[in-house]
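# Reading the structure
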Amino acid sequence: MFCSPFAPSGFGASIANSKILSIDALSVVGAKHFAQFSEMLRPYDYFLLTIARGRGTLPAMNTARDFLLHAQNADGGWGYRVGAMSFVEPTAAALIALQNEKTFALSGVEERARDFLIAHHHADGGWGIAPLDAESGWMTAWAVLALARAANASAAITRGAQWLLATEGLRLTDPGARATTRQIYQIDSTLRGWPWQPGDAAWVHPTALAMLALIAAGQREHTRVREGAHYLFDRAVATGGWNIGNPWMIGKAIPATIHDTAIALRALHAVGVAANEPRLATALEFLRDAATRAHTASELAWAMWGLGDWSVEIGDLRARLNALQNEDGSWQGNPFTTAIALASNNS
Amino acid sequence: MRDQIRNQKSKIENKISRRAFLRLALLAAIGAVGAYIFKSTEPVGLGKMLRWLWRGQTARWFAPKSRVALAACESYDANILAALRRAWRDARAPDLNNARIVLKPNLVDFIAGYPTFTHPRVTQAMIHLARELGARDIIVADGPAFRRDARAILDATGYTEMLAREKIAFVDLNYDDLVAVPLVGGYTRLKSLFIARTIADADVFVSMPKLKTHHWTQMSASVKNLFGIVPGIKYGWPKNTLHTTGIPVFLTELVESLPTRACAAVDGIVGLEGDGPIFGSAVPSGVLAVGTDLLAVDATCARLIGLDPARMDYLDFASWVGVGAIVESKIELVGDALAQFARAYERPPRPE
């Protein structure tokens, strides 16, 4: 009998039972090496093996939730590994993923996560990346996004949104520098997006995340959000999708990535851009295609998270993602990746 | 009339004699030079500038020579371990007995067809050498600059398979626990920098870059490879803060403030020339370079690929402030002769 190192001791007994039952079938191929083995399989095999493991979406998600519950640190936050220091990003992502779980008594977990975020809210309205970081930055958007659905956090959300609205990426004002930037990167450097840290240039990931946070905070019609959408379209890779924010570099097109494309697609969906917008259509096509070739849990989870809001066929993506789930219910043993996988399965 | 003119002249002469005038002019010149120096050193302060100058000059005149070892290794199918072992010994690289060591290859990204990364066989040879030398813990780590998921890069580059075979853990430095390291040089506006705990806790840190051309720094070797230890979760992808801070000064700061004893083992077996660091072409150089002074290793690598270290901003600045050696007279080259591998790499395209 497989026994997870994160087997619940005090609560969630019914969840634990379903988890153990679902993993019984796994022993035939060797539970210990299953996750590693399954990474080498072709997509069709993923589907068959997922069935063979007796892991439909629901039991898999139960174990993921279970993993997250037990990976929560004593301070209420989550790290990028079990037992690692708490960061705002995995904490916010876990809170979002668990907020979707309505069938389980999560109030204590949610409260502790919310309290972690509020305890580390800076006086300027933003959040650093972790308690040891005194400088507010891009993870402010994660905190606002997560708190937007939590109870008793409206003041923090308002201040966080104000911080986001007051923060913008470095913009070039000199016409000569703008022209050079246009030539090297083929981008419009006058558009305001959001930086990773104040004082830096804007990039795709923090821009999309800030847009999502502001929309969650009720600022969907704000000019910054609209400009954020323009920024994203300006940074789109010609062949579809997004990378970090450099579609072009000194004569070479830089390829798009799954993570950046996924978050940009979520942001544009939240803004209300129609799927038939040509650049969106090519981005969706890119992500679907890239997902068929992706094989890591992080890539698959993000691809599914990005596509989840759009009415597009995702094929066996969900089955392939679930087939990569570890014995302890996690993906890659990483609370953050697990939270994204859980959220994407629910989206 | 003539008397009147004479009187006027005499009055002027009485007011400012020639000697007084010269004194005044001298004082004005000294003041102007002082103002110019003050103005041009204003961003950092004259005192700090003089300190750097003093330290740089002291290092140039009195510091012992830095040792860099070159070892021939013609391909990735050759005996890399033997070449690396020889270079490690020749360079008098750190004692690894009972040490916790972190090997940091360059895994900046994977784009099919471009040799952007340190070959896994070189890293594997270093793992074997570290075991031979009695290392207690061996960790391979990097924080890729363009993608959030290092695992995809590890898979594509062959590292996943190699690390599994060697039973070595990989730490993604973009997501590691962090420690704040004070920046001792004061070359940037940053007072401290977050770096991965894995690096801070190591006894020896081995920078294992791919020898490459680079469109911003001309070359990417053991110093530029340090960008990978800076966590993406704080500084983003592609760690833009470090670029906006100024690449030469920031790299100097990184080398100087590294909390762990460092050395370099450069993969120059097949280098990358032209449009580096990503879109360049493979070029065989057949060499491994090892040393404990990262600047001396990079200066030697620059000479290997036909660049003048004194004309490379980061090497020039770091050497000027005395962080390492780049001039030939201060580098003791050991092992195989540099001329044997020297080959001018095609330069990267420069933005107009």
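Residues numbered from 1 in each chain as written. Chains lettered and ligands numbered in written order. Predicted model: local features only at pLDDT ≥ 70, side-chain atom pairs only at ≥ 80, totals over all residues.

Broken down by element type, chain B carries 13 helices and 12 strands. Counting across all 352 residues of chain B, residues that qualify as buried make up 50%. The long-range share in chain B, meaning contacts at least 24 apart out of those at least 6 apart in sequence, stands at 76%. (Helix = DSSP H or I, 4+ residues; strand = E, 2+ residues; numbered from the N terminus. Buried ≥ 20, exposed ≤ 12 C-beta atoms within 10 Å, placed from the backbone. Contact = placed C-beta atoms within 7 Å.)

Once that is clear, we can look at helix α13 (residues 278-293) of chain A. All names here are of chain A. An ideal rise of 1.5 Å per residue puts 22 Å on 16 residues; α13 measures up with 23 Å between its terminal C-alpha atoms. Residues L280, A283, L284, F286, L287, A290 and A291 constitute the buried set of α13. Taken around the axis of α13, the buried residues stretch over an arc of 160°, which confines them to a single face. Away from its buried face, by an angle of more than 90 degrees, α13 presents the exposed residues P278, D289 and R293. The inward-facing, buried residues of α13 abut α12 (258-271), α14 (297-307) and α15 (317-323). (Expected span 1.5 Å × (residues − 1). Arc of directions from axis to C-beta.)

All names here are of chain A. For the pair α12 and α14, interaxial distance at closest approach is 8 Å and the crossing angle is 20°. Considered as vectors, α12 and α14 are oriented roughly parallel to each other. Judged by the twist between their axes, the crossing of α12 over α14 is left-handed. On α14, the residues that touch I258, H259, T261, A262, I263, L265 and R266 of α12 are E299, W302, A303, W305 and G306. For the contact of α12 with α14, the residue count by class is seven nonpolar, three polar and two charged. (Axes fitted to C-alpha atoms, helices over the stretch in contact; angles between N-to-C directions. Parallel < 35°, antiparallel > 145°, perpendicular 65-115°, else oblique. Left-handed = near helix turned anticlockwise from the far one by under 90°. Nonpolar A, V, L, I, M, F, W, Y, C, P; charged D, E, K, R; others polar.)

Residue and element names in this part refer to chain B. Here R136 lies in the loop between α5 (120-132) and β3 (137-142). Judged by C-beta crowding, with 12 C-beta atoms within 10 Å, R136 ranks as exposed. C-alpha of R136 to C-alpha of D90: the two residues are 46 residues apart in sequence and 23 Å apart in space. Residues within four places of R136 in sequence aside, it is in contact with N98, A99 and R100.

Moving on: the confidence of the model for chain A. When the pLDDT values of chain A are averaged, the result is 84; 81% of them are 70 or greater. Here residues 1-56 of chain A is a poorly scored stretch, pLDDT under 50, and it has 72 contacts once near neighbours within four places are set aside; other chains count. (pLDDT = per-residue confidence, 0-100.)

With that out of the way, let us pick up the interface of chain A and chain B. Buried accessible area, meaning the area lost when the parts come together, often serves as the stated size of an interface. Contact with chain A, which involves 33 residues of that partner, is made by 27 residues of chain B. When contributions to the side of chain A that touches chain B are tallied by element, the ones reaching two or more residues are α9 (175-185), α10 (204-216) and α14 of chain A. In terms of residue count, α9 of chain A provides more of the side of chain A that touches chain B than any other element does, three residues in total. Class assignment for the residues of the side of chain A that touches chain B results in 16 nonpolar, 12 polar and five charged.

All names here are of chain B. Annotation of chain B at the domain level lists domain 1 (17-62) and domain 2 (66-340). Using only C-alpha atoms to locate each centre, domain 1 and domain 2 end up separated by 38 Å. Facing the six residues of domain 1 at the interface are four residues of domain 2. When the residues that make up the side of domain 1 that touches domain 2 are grouped by side-chain class, the tally is two nonpolar, two polar and two charged. (Domains from an automatic or database assignment.)

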